[in-house]
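Spelled out, the chains give:
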Amino acid sequence: MAHLELTQEEPDCADDGVWLQCIECGETLAPFDEVHYTCDACDGLLEVRYADLPTWDDFSGRGVWRYSAALPFAEGVSLPEGDTQLHDVPRLEEEVGVSRLRVKHEGMNPTGSFKDRGMTVGVRTAKELGVGKLACASTGNTSAALAAYGGRGGMETLVLLPQGKVAAGKVAQASLHGARILEVDGNFDTCLDIVQDLAHRGVVYLLNSLNPFRLEGQKTIGLEIMEQFRDEEGEYPDRIILPVGNAGNTAALYKCFRELEASGAITGDDIPALTGVQAAGSAPMVEAIQEGREETRRWESVETKATAIRIGNPVNAPKALPGIRQTGGTAVAVEDDEIMDAQRSLAEEGVGVEPASAASIAGLRKLRRQGVIDDSEQVVCLTTGHLLKDPDAAVEAGRDPEAVPGTTEGVLDYLGE
Ligand SMILES: *Cc1c(COP(=O)(O)O)cnc(C)c1O
Ligand SMILES: [Zn+2]
């Protein structure tokens, strides 16, 4: 079915078989001599490229660093991360009506989101480059991960958050793990504009997903899903559905599949259809897919209770849109009440996720109703962050506590027993 291109030619600037390459003009750059976020020649997005691509036999150990043969380093600043559960959710599977439904719960990472996978590689890269001050713009989870991994690595961390739009658990983490927190009068996209300016002026090292090294860590989500699903189900999944904000994960999964195909570890037929889900109030990727555009249009005003994906200008769109198209996937927008319903359904099966994460299940439900996904498919939904990240949203989606008297008789009476 899908066949993904990945041309390989090691340039002179490569360091130990690793280099940076522009996805637009093909310009190649030495990876660790100087700091690069985008292409010197055309400002296009950069990818980390390798002279040698590993296959399954080259992986051993657990977590993100099991896949070091597919990463720029043998080990990183680790807590450790990855090796997350691929849950069964039989009631949801039955209700939605697909042949198989598994939930990859990235909320089980050390700081409660998949961002840890990116940070273990990102902070290791910062050490390689010899930079000391790390920064990010964040809807919350990136800041929690940066604070924890930066702290672990003994580095200074600065985070820029959109004022009043970050869930309580995430601010608490960033703060206690030792980040300096700046609350910006503006949305996430404004925070990212500012921190990119700071990075270009050399004030800080940027660890948003614009940084290609972070996406290398996040690529291991795809490697893990493929191995776990194959080992437990006997084949690879037909489709992976994920929430989309800056589209870093979508880009990382696409790169994972291109590398696996190029190494011969999988064939084009094994590649899952990448399917992105956004909140209706913040859906520039869905718009670009529907309108057949190569780039997203920046949404100046965005709103959703799924604050982790409240992003109007997804920086990784040029990497992610071809991934969705070439794998035969799609993108879909869901309403906040559909997200809350999905969060409740997952929680009732014991899987506690934050609102943005539940968008994957809400998207699956919608695509089944529309007949885009048929009942024979084997699907993996990615849930990106833990329920406790956003306690206010959980309380709102859940059942209200009931006030009772402080006696056994009173409680029995109340229960009608
Ligand atoms: C960061 C984040 C996302 C968005 O991921 P992208 O890679 O930016 O698309 C989704 N869900 C949660 C919980 C996140 O923290
Ligand atoms: Zn370029």
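Computed from a predicted structure; not experimentally measured.

Parameters and conventions
- Residues numbered from 1 in each chain as written.
- Chains lettered and ligands numbered in written order.
- Predicted model: local features only at pLDDT ≥ 70, side-chain atom pairs only at ≥ 80, totals over all residues.
- Heavy atoms only, no water.
- Helix = DSSP H or I, 4+ residues; strand = E, 2+ residues; numbered from the N terminus.
- Rg over C-alpha atoms; globule rule 2.2 N^0.38 Å.
- Buried < 20%, exposed > 50% of the residue type's maximum accessible area, 1.4 Å probe, protein only.
- Contact = heavy atoms within 4.5 Å.
- Areas by Shrake-Rupley, 256 points an atom, 1.4 Å probe, with all protein chains shown as cover.
- Lys, Arg positive; Asp, Glu negative; His and termini not counted.
- Charge placed at Lys NZ, Arg CZ, Asp CG, Glu CD.
- Near = heavy atom within 4 Å.
- Polar contact = N/O pair within 3.5 Å; in protein donor to acceptor, adjacent residues only side chain to side chain.
- 1 Å grid on protein atoms, 1.4 Å probe; cavity = no way out; pocket = protein on both sides within 12 Å on 5 of 7 lines; lining within 4 Å.
- Sits in = over half its atoms within 2 Å of the grid points.
- Nonpolar A, V, L, I, M, F, W, Y, C, P; charged D, E, K, R; others polar.
- Pairing = 2+ DSSP bridges.
- Axes fitted to C-alpha atoms, helices over the stretch in contact; angles between N-to-C directions.
- Parallel < 35°, antiparallel > 145°, perpendicular 65-115°, else oblique.
- Left-handed = near helix turned anticlockwise from the far one by under 90°.
- Donors = N, O, S within 2.8 Å, 3.2 Å for Na, K, Ca; no water.
- Tetrahedral: all angles 85-135°; square planar, octahedral: opposite > 155°, others 65-115°.
- Core = buried A, V, L, I, M, F, W, Y, C linked by side-chain atoms within 4.5 Å.
- Domains from an automatic or database assignment.
- Salt bridge = Lys/Arg side-chain N within 4 Å of Asp/Glu carboxyl O.
- Points joined across faces, edges and corners; volume = space filled by probe spheres on them.

Novice: Just give me the short version of the overall build of the protein, but keep the residues and values in it.
Specialist: Scanning the protein for helices and strands turns up 13 helices and 13 strands. Relative to the compact-globule value of 22 Å for 417 residues, the protein shows a C-alpha radius of gyration of 21 Å, a close match. Considering only C-alpha atoms, the protein reaches an extent of 80 × 50 × 45 Å along its principal axes. Among the 417 residues that make up the protein, the fraction classed as buried is 60%. Nonlocal contacts in the protein, meaning residues at least 24 apart in sequence, comprise 71% of its contacts between residues at least 6 apart. Total accessible area on the protein stands at roughly 16,400 Å², and carbon and sulfur atoms take up 44% of it. For the protein, the distance from the average position of its 37 positive side-chain charges to the average position of its 69 negative side-chain charges is 3 Å.

Novice: Can you tell me about the site of ligand 1, naming the residues and giving the values?
Specialist: Residues in contact with ligand 1 amount to 15 residues; listed here are only the nearest, K115, N141, G245, N246 and T384. At 3.1 Å from an oxygen atom of ligand 1 is found a main-chain nitrogen or oxygen belonging to G248. Note that an oxygen atom of ligand 1 is positioned 2.8 Å from one of the backbone N or O atoms of N249. Taken by itself ligand 1 offers 390 Å² of open surface, and the protein chains cover 96% of this. The site holding ligand 1 turns out to be the largest cavity. Looking at the shell around ligand 1 residue by residue, the classes come out as six nonpolar, seven polar and two charged.

Novice: Kindly report on the sheet that holds strand β11 (residues 273-279), identifying the contributing residues and their values.
Specialist: Pairing in this open sheet of six strands is mixed, and the strands run β4-β5-β13-β10-β11-β12 from one edge to the other. The two strands at the open ends of the sheet, each matched to only one other strand, are β4 (86-88) and β12 (330-334). Taken over all neighbouring pairs, the strand axes of this sheet differ in orientation by 25 degrees on average, direction set aside. Strand direction decides the pairing type here: β4 and strand β5 (residues 100-105), joined by three bridges, are antiparallel. Looking at β5, one finds that D88 is bridged to R102.

Novice: Report on the packing of helix α3 (residues 141-152) against helix α4 (residues 168-176), specifying residues and quantitative values.
Specialist: Contact geometry of α3 with α4 gives a least axis separation of 8 Å together with a crossing angle of 20 degrees. By the angle between their axes, α3 is roughly parallel relative to α4. When you trace α3 past α4, the crossing you get is left-handed. On α4, the residues touching N141, S143, A144 and A147 of α3 are K170, Q173 and A174. A breakdown of the residues in the contact of α3 with α4 according to their chemical character gives three nonpolar, three polar and one charged.

Novice: Summarise the coordination of the zinc ion (ligand 2); cite the residues concerned and give the values.
Specialist: Binding of the zinc ion (ligand 2) to the protein goes through C22 (SG), C25 (SG), C39 (SG) and C42 (SG), at separations of 2.3 to 2.4 Å. Around the zinc ion (ligand 2), the four donor atoms sit at angles spanning 98 to 118 degrees, and that spread fits a shape best called tetrahedral. For the zinc ion (ligand 2), the single-chain donor residues occur in sequence as C-x2-C-x13-C-x2-C. Exposure remark for C39: the relative accessible area of 4% places this residue in the buried category.

Novice: Which residues make up the nonpolar core, and what values do they have?
Specialist: The nonpolar side chains of a soluble globular protein tend to be buried with one another. The biggest cluster of nonpolar side chains holds 52 residues, and the ones touching the most others in it are V123, L134, L146, V195, Y205, L207 and F213. Looking at which domains feed residues into this core, each of domain 1 (1-52) and domain 3 (115-212) supplies at least three. Apart from residues no more than four positions distant in its own chain, F213 is found in contact with L20, P31, F32, V48, P72, V121, T125 and Y205.

Novice: So what about the pairing of strand β10 (residues 239-243)? Which residues, and what values?
Specialist: For a regular strand, the rule is simple: side chains alternate between the two faces of the sheet. Most of β10 is tucked away: five of the five residues are buried. Going residue by residue along β10, you find R239, I241 and P243 tucked away on one face and I240 and L242 tucked away on the opposite face as well. Pairing of β10 with β11 involves five bridges; the strand directions are parallel. Bridged to R239 within β11 is A273.

Novice: Just give me the short version of the pattern of salt bridges, but keep the residues and values in it.
Specialist: All told, the structure shown has 35 salt bridges when counted by the stated rule. The residue D88 makes a salt bridge to R102 at a minimum N-O spacing of 3.4 Å. Note that D88 is positioned in strand β4 and R102 in strand β5, a separation of 14 residues in sequence. Given a relative accessible area of 41%, D88 falls into the partly exposed group. Note on R102: relative accessible area 4%, which makes it buried.

Novice: Can you lay out empty space enclosed by the protein for me, pointing to particular residues and giving the numbers?
Specialist: Here the structure, examined in full by the defined rule, presents four cavities of 30 Å³ or more. Roughly 300 Å³ of internal volume is contained in the largest cavity. Taken together, 28 residues make up the lining of the largest cavity; nearest its centre are F114, K115, G245, N246 and A308. Going through the elements one at a time, α3, α6 (212-233), α7 (248-263) and α11 (355-369) are the ones with two or more residues in the lining of the largest cavity. In the lining of the largest cavity, the residues fall into nine nonpolar, 16 polar and three charged. When we break the lining of the largest cavity down by domain, the ones giving at least three residues each are domain 2 (86-112 + 215-397) and domain 3 (115-212).

Novice: Report on the sheet that holds strand β9 (residues 205-206), specifying residues and quantitative values.
Specialist: As summarised here, the arrangement of the four strands in space is β8-β7-β6-β9, forming an open sheet in which the pairing is parallel. Edge strands, defined here as strands with exactly one partner in the open sheet, are β8 (180-184) and β9. Bridge analysis of strand β6 (residues 133-137) against β9 gives two bridges, and the strand direction is parallel. Each bridged residue has a counterpart across the sheet, and for A135 the counterpart in β9 is L206.

Novice: Go over the side chain of Q21, please, and point to the residues and values.
Specialist: Counting through the fold element by element, Q21 comes out in strand β1 (residues 18-22). Side chain to side chain, Q21 and W19 meet in a polar contact 2.9 Å long. Contacts of Q21, omitting those with residues within four sequence positions, involve G26, E27, T28, L45, L46, E47 and R49.

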